[in-house]
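Here is what each chain is made of, one letter per residue.
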Amino acid sequence: MVLAIIQGVVLVPLYLKYIGAVQYGQWLALGSIVAMLSLIDLGVTSLVVQKSALFHGRDDKKSLKELISTIIVFDLLVSVFILVAGIGLSFWLPHWIGAAGEQSHTLRLAFQFATVDVMLMLLVSMSGSILFGIQKPEAHLAGVFIGTAASIGVTVVLLFQHWGILAIACGSLVRPLVALPINIGAIKKNLHHLIFGSMLKLNPAMTKSFFAAALWLGPSKLAETMTSQVDNIIVVKILQPIDVTMLNLTRKASEIAVQVVGRLSVSFMSGLSHLRGSDEEEKIRSIVSNLFLVSGYMACCILCSVLILNEDFVGLWTSSSMYAGAGVTILACIYCLLKILRITTYNVVFSHGDVRITSISSLIESALQAVLGIVFCKVWGISGVVIASIIAVICGGIVQLVALLKTHKYSIISVMKGAFKITVISTIVLIAGKFVHYRFMPNSWLGFILFGVGITIQYVILVAVTERRFRQIIINHIM
C-alpha cells in the first residue's frame with residue numbers, strides 16, 4: 001500500500017512536469033478504459049479466493065484441484081481475448097478522447113503496452129487468489145511488492161529520459177513480469193501434489209458451478225469497474241481534460257483512505273471463507289464486528305485529516321490552481337467513508353458466498369452513478385459527479401447491509417451505538433483541528449506532516465478513552 005501511494009501521490013508532480021496536466025488528464029481517461037479490459041475475466045478473481053478458501057477449510061483436495069484446473073483453462077482463454085480487444089481498441093480510442101497527430105500515436109502505443117500489462121496482471125491476480133485461498137499469500141505479496149518497487153524505478157528513469165506517457169505504461173509492465181514467475185513458483189511449492197499435466201481436464205460439475213456464479217459476478221465486476229472509472233470518462237467528455245486532473249488531485253487524499261482501509265477487509269475475505277468452511281460461525285461474527293469497528297475508526301481518522309488539510313496537501317503536492325475547492329473535498333470525503341463501509345460489507349457478504357446479493361448491489365450502484373453522473377455533471381460540473389457517486393453508493397450499500405444483518409443477525413441498536421461513538425469522536429477532532437489550522441496553517445511538508453500526526457494522536461487518544469476493547473488491547477501489549 002505504501003508503494004501504491006508513492007505511485008499515486010509522489011510521482012504525480014513528475015507526471016505533471018514531464019507530461020503536462022492536459023495530456024495526463026487524457027491518460028487518466030484512457031487509463032480508465034484500459035482498466036475495463038480486465039472485465040473480460042468476468043471478475044472471477046474474488047470468486048477464486050472464496051472458493052479455494054472454502055475447499056481448503058474443508059480439506060477437500062479433490063474440489064480444490066478441479067477448481068485450479070478450471071481457472072488455468074479460463075485464464076488462458078481470457079488472456080487471448082484481452083490482448084485482441086485491447087489492440088483493436090487502441091486504434092480508435094485516442095481519437096475518441098480528442099487526441100490527434102503525434103499525441104494520438106503516443107497514446108495508442110501506451111494503450112497497447114497497458115493492454116499487455118492488464119493481461120499479465122490478470123494471471124498474477126488469479127495465481128495470487130489461489131495462494132490467498134490456501135492461506136499462503138506471502139510469496140504473492142512479496143512478488144507484487146518487488147514488482148511495484150521495480151515499476152516505480154523504471155517509470156522515474158523513463159520520465160527523466162522524456163518518454164512521456166510511455167514511461168507510465170512501460171513502467172507498469174514491469175510489475176507483472178516480476179510477480180508472475182514468483183507466484184508460479186509458490187503454487188508449485190505449496191500445491192505440488194495437485195499440479196500435474198492431466199489436471200487440465202475440466203470437471204463438468206465444477207465448471208458448471210463455477211460459471212454459474214460467474215454469470216452473476218461478471219456483470220457485478222463490470223459494474224464495480226465502471227463505478228471506479230466512469231467519473232473520468234464523464235468529465236473528459238462533458239468538461240475538459242484539465243478538469244479530470246483537478247478532480248483526481250483533489251480527491252486523491254480521500255481515495256487513499258479507501259485504498260488503505262478497504263484493503264483491511266479484503267485481506268480478511270479468504271480467512272472468513274476458510275472459517276465458514278470449517279463451520280466456525282461464532283468466530284466469524286466476532287471478527288466481522290471488530291472489522292467494521294476498526295474500519296470505521298481508521299476511515300474517519302484519515303478523512304478528518306483530509307477535511308482539515310486537503311487544500312494544503314494539493315498546494316504543496318502540485319499547485320493550488322489544481323485544487324477543485326472545499327465543496328468537492330467535503331463531498332469526496334462523504335463518498336469515501338460510505339465507499340469504505342460498502343467495500344467492507346461487500347467482502348463480508350461475499351466471503352459467505354452470497355454472490356448474487358453483492359452483484360445486484362454493484363449493478364445498482366454503477367447504473368445510478370453513470371446516469372446521475374452525466375446529468376449532474378452537466379448541471380453542477382465536477383461537484384455533480386461526486387454527488388452522483390454519493391447517491392449511488394448509498395443505494396448499493398443498503399442492499400448489502402440488509403443481507404449482512406440477515407446473515408449475521410446484528411442488532412440495529414449495536415450498529416447505531418458504534419456509529420454514534422465514531423461520529424462524536426470525529427466531530428471533536430474536526431472542530432479542534434479546524435481551530436488550530438485557522439491559527440497555524442502549515443506552509444511546508446514538515447509542518448503538514450506534524451499537523452497530520454497531531455490529528456492522528458488526538459483521534460487515537462479519544463478512541464482509547466471511549467473504547468474498552470481498544471484499551472484492553474493496549475494494556476495486554478504493554479503488560
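Calculation notes
Residues numbered from 1 in each chain as written. Predicted model: local features only at pLDDT ≥ 70, side-chain atom pairs only at ≥ 80, totals over all residues. Heavy atoms only, no water. Core = buried A, V, L, I, M, F, W, Y, C linked by side-chain atoms within 4.5 Å. Buried < 20%, exposed > 50% of the residue type's maximum accessible area, 1.4 Å probe, protein only. Contact = heavy atoms within 4.5 Å. Helix = DSSP H or I, 4+ residues; strand = E, 2+ residues; numbered from the N terminus. Patch = residues over 30% accessible without salt bridge, like charges linked within 9 Å, V, L, I, M, F, W, Y side chains within 5 Å. Areas by Shrake-Rupley, 256 points an atom, 1.4 Å probe, with all protein chains shown as cover. Salt bridge = Lys/Arg side-chain N within 4 Å of Asp/Glu carboxyl O. 1 Å grid on protein atoms, 1.4 Å probe; cavity = no way out; pocket = protein on both sides within 12 Å on 5 of 7 lines; lining within 4 Å. Points joined across faces, edges and corners; volume = space filled by probe spheres on them. Phe/Tyr/Trp six-rings, centres within 6.5 Å; stacked < 30°, edge-to-face > 60°. Axes fitted to C-alpha atoms, helices over the stretch in contact; angles between N-to-C directions. Parallel < 35°, antiparallel > 145°, perpendicular 65-115°, else oblique. Left-handed = near helix turned anticlockwise from the far one by under 90°.

(A) The nonpolar core, seen in detail. Among the nonpolar cores identified, the biggest contains 112 residues, and Tyr15, Tyr24, Trp27 and Tyr459 are the most heavily contacted of them. Among residues more than four places away in sequence, those in contact with Tyr459 are Tyr297, Cys300, Cys301, Cys304, Ile422, Ile425, Ser426 and Val429. Leu275, Val288, Leu291 and Val349 belong to the second largest nonpolar core, which has 10 residues in total.

(B) Main features of unusual backbone geometry. Phi at His162 takes a positive value of approximately 65°, unusual for a residue other than glycine. Relative to the helices and strands, His162 resides in the loop between α8 (138-160) and α9 (165-190).

(C) Seen up close, a nonpolar patch on the surface. Together, Ile238, Val371, Ile374, Val375, Val379 and Trp380 give the surface a local cluster of nonpolar side chains, amounting to about 540 Å² of exposed area. Top element by residues in the nonpolar patch is helix α14 (residues 355-380). It accounts for five residues. Looking at where Val379 falls in the secondary structure, it is placed in helix α14. The exposure class of Val379 is exposed, given its relative accessible area of 54%.

(D) Main features of empty space enclosed by the protein. Taken as a whole, this structure holds two cavities of 30 Å³ or more when the rule is applied. Of the volumes computed, that of the largest cavity is approximately 50 Å³. Contributing to the lining of the largest cavity are Asp231, Arg251, Ser254, Glu255, Ala332, Tyr335, Cys336, Val385, Val386 and Ser389. Broken down by secondary-structure element, the contributors of at least two residues to the lining of the largest cavity are α11 (241-277), α13 (326-351) and α15 (382-408).

(E) Highlighting the packing of aromatic side chains. Inspection of the entire model under this criterion finds seven aromatic pairs. Here a set of aromatic residues connected by ring pairs shows up, and it is made of Phe313, Trp317, Trp445 and Phe448.

(F) Molecular detail of the pattern of salt bridges. The tally for this structure, following the rule as stated, stands at five salt bridges. The partner of Glu255 in a salt bridge is Arg251, with the nearest N and O atoms 3.2 Å apart. You can see Glu255 and its partner Arg251 sitting in helix α11, four residues apart, about one turn around the helix. By relative accessible area, Arg251 is classed as buried at 9%. For Glu467, the salt bridge is made with Lys421, and the minimal N-O distance between the two is 2.8 Å. You can see Glu467 sitting in the loop between α17 (445-466) and α18 (468-478) and its partner Lys421 sitting in helix α16 (residues 412-439), a full 46 residues away along the chain.

(G) Layout of the packing of helix α12 (residues 281-317) against α13. Packing of α12 against α13 brings their axes to within 10 Å, and their N-to-C directions diverge by 165°. With respect to α13, the element α12 is oriented roughly antiparallel. When you trace α12 past α13, the crossing you get is right-handed. Residues Val288, Leu291, Phe292, Ser295, Ala299, Cys300, Leu303, Val306, Leu307 and Asn310 of α12 pack against Thr329, Ile330, Cys333, Cys336, Leu337, Ile340, Leu341, Thr344, Thr345 and Val348 of α13.

(H) Region of interest: the side chain of Asp117. One can find Asp117 in helix α7 (residues 101-133). The residues touching Asp117, leaving out its near neighbours within four places in the chain, are Ser172, Leu173 and Pro176.

(I) Representation of the environment of Val144. Structurally, Val144 is set in helix α8. Residues Val144 and Val124, spaced 20 residues apart in sequence, show a C-alpha to C-alpha distance of 8.6 Å. Val144 has contacts with Val124, Arg175 and Ala179, leaving out every residue within four places of it along the chain.

(J) Looking closely at the environment of Ile387. Following the sequence through the fold, Ile387 ends up in helix α15. Residues Ile387 and Tyr335 lie 52 residues apart in sequence; the distance between their C-alpha atoms is 8.1 Å. Excluding anything up to four places from it in sequence, Ile387 contacts Leu331, Phe376 and Trp380.

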